[in-house]
Amino acid sequence: MKAALVHDFKHPPSFGDFAAPKLGDGELLVTVSAAALSNLVKAQASGSHYSSPKGLPFVPGVDGVGRLADGKRVYFAFPSLPYGAMAEQCAVSAKYCVALPDNLDDATAAAAANPGMSSWAAL
């Protein structure tokens with residue numbers, strides 16, 4: 001599958017081929033339509049965040065929007081490493097998938113979670 005790939009923490013991700021994810025227990029395959037590019041994702045891709053994956057290469061991205069095998073459109077978070085959200089597909093625990101209303105477009109849904117949660121936490 002095609003994905004953004006981090007091969008080296010000193011260089012930005014590059015576009016390339018990566019093995020398709022294998023599903024673990026309780027995981028769903030999400031076909032990604034939009035992925036958020038947050039400060040967390042940028043820090044992980046540069047290796048400067050404590051949660052940066054230790055193994056290389058990996059696909060960056062912690063959340064996004066996509067479709068499940070049954071066609072249901074969801075917002076998802078925390079895909080299973082090394083398969084981040086910036087790929088054609090990722091494996092995500094079912095508990096981290098939330099159905100989306102039809103009137104909310106993919107890009108807005110993917111982009112809204114980080115600032116929305118930050119605002120809510122501040123309150």
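Structural data are supplied above this passage.
Keep in mind the model is a prediction, meaning the values are calculated, not measured.

Rules used throughout
- Residues numbered from 1 in each chain as written.
- Predicted model: local features only at pLDDT ≥ 70, side-chain atom pairs only at ≥ 80, totals over all residues.
- Heavy atoms only, no water.
- Salt bridge = Lys/Arg side-chain N within 4 Å of Asp/Glu carboxyl O.
- Helix = DSSP H or I, 4+ residues; strand = E, 2+ residues; numbered from the N terminus.
- Pairing = 2+ DSSP bridges.
- Axes fitted to C-alpha atoms, helices over the stretch in contact; angles between N-to-C directions.

**Q** How would you explain the pattern of salt bridges if you had to name every residue and give the values?
**A** In this structure the tally under the stated criterion is two salt bridges. In this structure, the salt-bridge partner of Lys-2 is Asp-17, at a minimum N-O distance of 2.8 Å. In this pair, Lys-2 is assigned in strand E1 (residues 2–5) and Asp-17 in strand E2 (residues 14–17), connecting sequence segments 15 residues apart. Its salt-bridge partner being Asp-106, residue Arg-73 comes within 2.4 Å of it at the nearest N-O pair. With a gap of 33 residues between them, Arg-73 in strand E5 (residues 73–77) and Asp-106 in helix H2 (residues 106–122) connect regions that are remote in the sequence.

**Q** Describe in detail the sheet that holds strand E3 (residues 27–35), supporting the description with residues and values.
**A** Read across the sheet, five strands follow the order E6-E3-E4-E5-E7 without closing on themselves; strand pairing throughout is antiparallel. Among the strands making up the open sheet, the edge pair consists of strand E6 (89–93) and strand E7 (97–99). Geometrically, the sheet is characterised by an average inter-axis angle of 45 degrees between neighbouring strands, direction not taken into account. Of the pairings in the sheet, the one linking strand E4 (residues 63–67) to E5 comprises five bridges and is antiparallel in character. Across the sheet, the residue bridging to Asp-63 is Ala-77, located in E5.

**Q** Outline the pairing of E3, listing residues and values.
**A** Judged from the five bridges that link them, E3 and E6 form a sheet pairing that is antiparallel. If you follow Leu-28 over to E6, its bridge partner there is Val-92.

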